[in-house]
Amino acid sequence: AFNPYIPDRAAREKERARLRLKVNTGRVSCIWLQLGSDLQLLADGLSFVRALPAVRENRIRIYGSIFVPSKRLIANMRFRPWSGVYLSDEYLFSVPAAEEITARILQQYAAAAVEVLVETAVVSAADWDAVQRLVRRAESLEASTSPLTGPPAKRIRATAQSDLHTGAPRSQEPEDSERGAATAVHGAASSSPEVEAGHLPSLESTEAGHTDSSECQTSITENAPVKEMRQHVFSAAAAQAMNTQTDAAPAAAAAEPSGASDSGKTLLVWFRAFDLRLSDHAPLAVAARAGGPVVCAFVWPRQRGRWGVHGAQEAWLRSSLARLDSALRAIGSRLILRCAPSELTSGFKPGSETSLSEDSRAEADLIGGNGRLGGGLGEGLERDAIQGFVPPPPTSTDGENNALVAAEAASVAAEMLSLANECDACEVLWHRSYEPDEERVERAVSAALHASGRRVREMPGRLLYEPHTVNLSGGFNGGHWGTLMPFLRACERQGPPPPLPLPPPTSLPPPANWPASLALEGLCLAPRPVRADGTAARDWATELLAYWDVSEEKAREQMELFVHAGGLQGYETRRSRADVKGTVSTLSPYLRFGQLSPRQLYHAVKGSPLPRELKKTFSRRLHWRDLAYFHLSAFPDMPSFPIRRHYAAHAWIGDSAALRRWQRGQTGFPIVDASMRCLYATGWLHQSLRMVVASFLVEYLGINWTKGAEWFHDTLVDADVGINSMMWQNAGRSGIDQWNFVLSPESGSQDPSGAFCRTWLPELAKLPTKQL
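**Examining empty space enclosed by the protein**
Going through the model one piece at a time under the given rule, you end up with 13 cavities of 30 Å³ or more. Reported here for the largest cavity is a volume of approximately 320 Å³. Lining the largest cavity are 28 residues; nearest its centre among them are Arg272, Ala273, Val309, Glu408 and Glu438. Of the residues belonging to the lining of the largest cavity, the class tally is 15 nonpolar, five polar and eight charged.

Given below as structure tokens:
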């Protein structure tokens, strides 16, 4: 990828230096020009690209992205511009102005033999007509108006990236129509006419309104890059495309795995900290059906961003990995465990929660390889080249976290590349994340693997709906934008409900030789603390896990018990009670780490014979979960910065002693203290009590909600960046659905019998209930 539109000269030169570094590896087959609107910068960038020896020698193809301008596109880019996409005020002034600029970009692309890719969804006759108008406009421009003159273009082809909005697994094999192939704008590639220099192909012979991507042929070679876009869709047409294709994507992929030509070659499945299961695991199902060897791996980054897996989550993760490995061994496979980086960054120790110094950050940027386990980065890739694959952070005020995530992305990309080399994997598959930090890691991994000539497939599976596919209209629509009911209706408008879960594989073909793997202890997850005198402190992780059975089997058992043994039936009337067991499902940790998929729970509840009135509220809980990630996709900095920006100026009370008492359960308010002690001991807290203690911290103690969010993230085993951030934003009054109430710590409605307080406050156990 190359961005010629960067306005700052120094940053632009750095971008060019990065491209030279990549091209000089000898592994680059395509250069992708990113989106923008400055015609002169584009002309300069094209001149630079065409001067590269590999381009002059026709060893590298050039692709260029465009938008099809529309009112919705312009409104979206004004309201929430994409990081790294530089659109001028002139472009954003009106649709005609944007079309004029786009036509001149197309003219430059034609003159420079750049193949055009339309990144806006093209799924209807109206969309197709808009593309035709742009091409005709470009053809009508005089050749002399172009600021760039270059060698004749042998063939200029425009493609529409219809697969960007299908929800299907992403792949580097656009010829596979099951995954939403990139379609040729002018029709089948086999009949594509040769065109004269500086002219675009005619579209007159193309059948307008053709939208069936399964019948389209690609005009991109097998190694053509497919740019990843995770933003909100720009049109109702794109949402309609999702309606018809998203639901079947994982099942279709499992039934018709790609890469048939690579039958017998190794596929690498990258397990994440949110999909630690065998059932309803699309990447695993695809790999199992492919017929070749399968390697399952988990990479633990020693350096993680602030919102990565920490604290109580590490304890759950440790147990989850052990159970997953046992489950894989039962079907003839195993879980390969690796750390990233394999060689420690200077000044950094495993398990350290301190930030990197400036010198260490610079060194972390260059981390790569697999120094302890063997392997290396692979042919043509140097260790310092890995950092070039790390994407820039989204607009954010959290520079410290950005540095940590950049180090994580570089090290995980290097380790995944090393592992792929070691097992000679032809393709790597994984479930995509929707957390901004994790998305940066994924993009770095994807870029590193692509540069090594491997295919990559990211697949949906963490949520019921892809956040960028939900077409949520503005204004009041039975509720304000971003609140539950409008979001729920927008999801339901997408058509059929989520498909049935996939079954687990019954066997996985092993590789001829297993790649090296660390023992679970080598990951140093939730290590036992050591006192200053060297003696071992309390083993909090083991004590915490005593409250849980961390396994996929237990997740299914707990789900069935809740749905069919009275829990769901009484949920409508008893869900606020914390003093009675079984009033809530306690499935949140299993959903967080993926021992249970959202589709499994969705269909279990949907299939219950109970009347709708008894299960409607619980049914909406999974949509709350999706809503949280919709918010996170719209506001990537919501874990630490107010969505309602003016709340950043709110004056909070910086009482560290009061915060510490709240954390330790020593405020003097029984329900608050019992809740905080329960949270620390078990890693979990009833939803009603979470709201009580959050309201107490913000409204009674006047402490910044971000302090509560950080503490919850460290102490909850089900700490989920989207859900945790949404709740705390609303508690702090800065969220989309800000709380318009204050929960009293004295009402006793969550613990009318006093049983909960007596359990966690034994010193008060003998008090009368009314005193609790």
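**Some words on the nonpolar core**
Judged by nonpolar contacts, the single largest core of 86 residues is most densely connected at Cys296, Leu317, Leu321, Leu335 and Leu601. If you look at the next biggest cluster of nonpolar residues, it comprises 45 residues, including Leu33, Leu35, Trp82 and Leu134.

**Regarding the layout of surface pockets**
Over the atoms a probe the size of a water molecule is rolled, and this reveals where empty space is left. Volume-wise, the second largest pocket comes out at about 1200 Å³. Together, 40 residues line the second largest pocket, and Tyr571, Arg621, Trp624, Gln687 and Ile723 are the ones closest to its centre. Elements supplying a minimum of two residues to the lining of the second largest pocket: helix H18 (588–593), helix H20 (612–619), helix H21 (621–634), helix H24 (687–700) and helix H26 (721–731). Here the element with the most residues in the lining of the second largest pocket is H26; it accounts for five residues. Here the lining of the second largest pocket is built from residues that sort into 20 nonpolar, 12 polar and eight charged.

**Some points on the pairing of strand S8 (residues 335–340)**
The element S8 is extensively covered by neighbouring structure, given that six of its six residues are classed as buried. Because side chains alternate across S8, one face comprises the buried residues Leu335, Leu337 and Cys339, and the other comprises Ile336, Arg338 and Ala340, equally buried. Here six bridges tie strand S7 (residues 294–301) to S8, and the two strands are oriented parallel to one another. By the bridge assignment for S8, Val299 is matched with Arg338. The handedness of the S7 to S8 crossover, carried by helix H10 (residues 312–329), is right-handed.

**Topic: unusual backbone geometry**
Of note in the backbone geometry, Ala526 takes a positive phi value of approximately 45 degrees without being a glycine. One can find Ala526 in the loop between helix H14 (484–492) and helix H15 (540–545). Here Arg733, not a glycine, exhibits a phi torsion of approximately 70 degrees, which is positive. Turning to its location among the elements, Arg733 is positioned in the loop between H26 and helix H27 (755–760).

**Structural notes on the pattern of salt bridges**
Where side chains of opposite charge bring their charged atoms close, a pairing between them can arise. Taken as a whole, this structure holds 28 salt bridges when the rule is applied. Between Arg599 and Asp280 there is a salt bridge whose closest N-O contact spans 2.4 Å. You can see Arg599 sitting in helix H19 (residues 598–606) and its partner Asp280 sitting in the loop between strand S6 (266–271) and helix H9 (282–290), a full 319 residues away along the chain. Given the relative accessible area of 10%, Arg599 is considered buried. Overall, the relative accessible area of 3% leaves Asp280 in the buried class. Its salt-bridge partner being Arg338, residue Glu422 comes within 2.9 Å of it at the nearest N-O pair. With Glu422 in helix H12 (residues 399–422) and Arg338 in strand S8, the pair connects residues that are 84 residues apart, well separated along the chain.

**Some points on the sheet that holds S7**
Overall, parallel pairing links the five strands, which are arranged S8-S7-S6-S9-S10 in an open sheet. Here the strands that pair on one side only, and so sit at the sheet edges, are S8 and strand S10 (455–459). Recorded for the sheet is a direction-independent mean angle of 25 degrees between the axes of neighbouring strands. Strands in contact with H9 are S6, S7, strand S9 (425–431) and S10; relative to S6, the strand with the most contacts, it is inclined by about 165 degrees.

**Let's talk about the environment of Trp652**
Locating Trp652 in the fold gives a position in the loop between H21 and helix H22 (656–664). Distance from Trp652 to Gly702, taken between C-alpha atoms, is 5.7 Å for residues 50 residues apart in sequence. Residue contacts for Trp652: discarding those within four places in its chain leaves Val698, Gly702, Ile703, Asn704, Trp705 and Gly732.

**A short note on the packing of H14 against H21**
Helix packing for two helices is described by the angle between their axes and how far apart those axes are. Put simply, H14 and H21 touch, their axes get as near as 10 Å, and they point 100 degrees apart. In terms of axis orientation, H14 runs roughly perpendicular to H21. Two secondary-structure elements touch here, H14 through Leu484, Phe487, Leu488 and Cys491 and H21 through His623, Trp624, Asp626, Leu627 and Phe630. Taken together, the residues that form the contact of H14 with H21 break down as seven nonpolar, one polar and one charged.

**Here we look at the environment of Ala755**
With respect to the helices, strands and loops of the structure, Ala755 is situated in helix H27. A relative accessible area of 32% means that Ala755 is categorised as partly exposed. For Ala755 and Leu772, which are 17 residues apart along the polypeptide, the C-alpha to C-alpha distance reads 9.6 Å.

Reading guide: rules and limits
- Residues numbered from 1 in each chain as written.
- Predicted model: local features only at pLDDT ≥ 70, side-chain atom pairs only at ≥ 80, totals over all residues.
- Heavy atoms only, no water.
- 1 Å grid on protein atoms, 1.4 Å probe; cavity = no way out; pocket = protein on both sides within 12 Å on 5 of 7 lines; lining within 4 Å.
- Points joined across faces, edges and corners; volume = space filled by probe spheres on them.
- Nonpolar A, V, L, I, M, F, W, Y, C, P; charged D, E, K, R; others polar.
- Core = buried A, V, L, I, M, F, W, Y, C linked by side-chain atoms within 4.5 Å.
- Buried < 20%, exposed > 50% of the residue type's maximum accessible area, 1.4 Å probe, protein only.
- Helix = DSSP H or I, 4+ residues; strand = E, 2+ residues; numbered from the N terminus.
- Pairing = 2+ DSSP bridges.
- Right-handed = clockwise from strand over helix to strand, strands pointing away.
- Salt bridge = Lys/Arg side-chain N within 4 Å of Asp/Glu carboxyl O.
- Axes fitted to C-alpha atoms, helices over the stretch in contact; angles between N-to-C directions.
- Contact = heavy atoms within 4.5 Å.
- Parallel < 35°, antiparallel > 145°, perpendicular 65-115°, else oblique.

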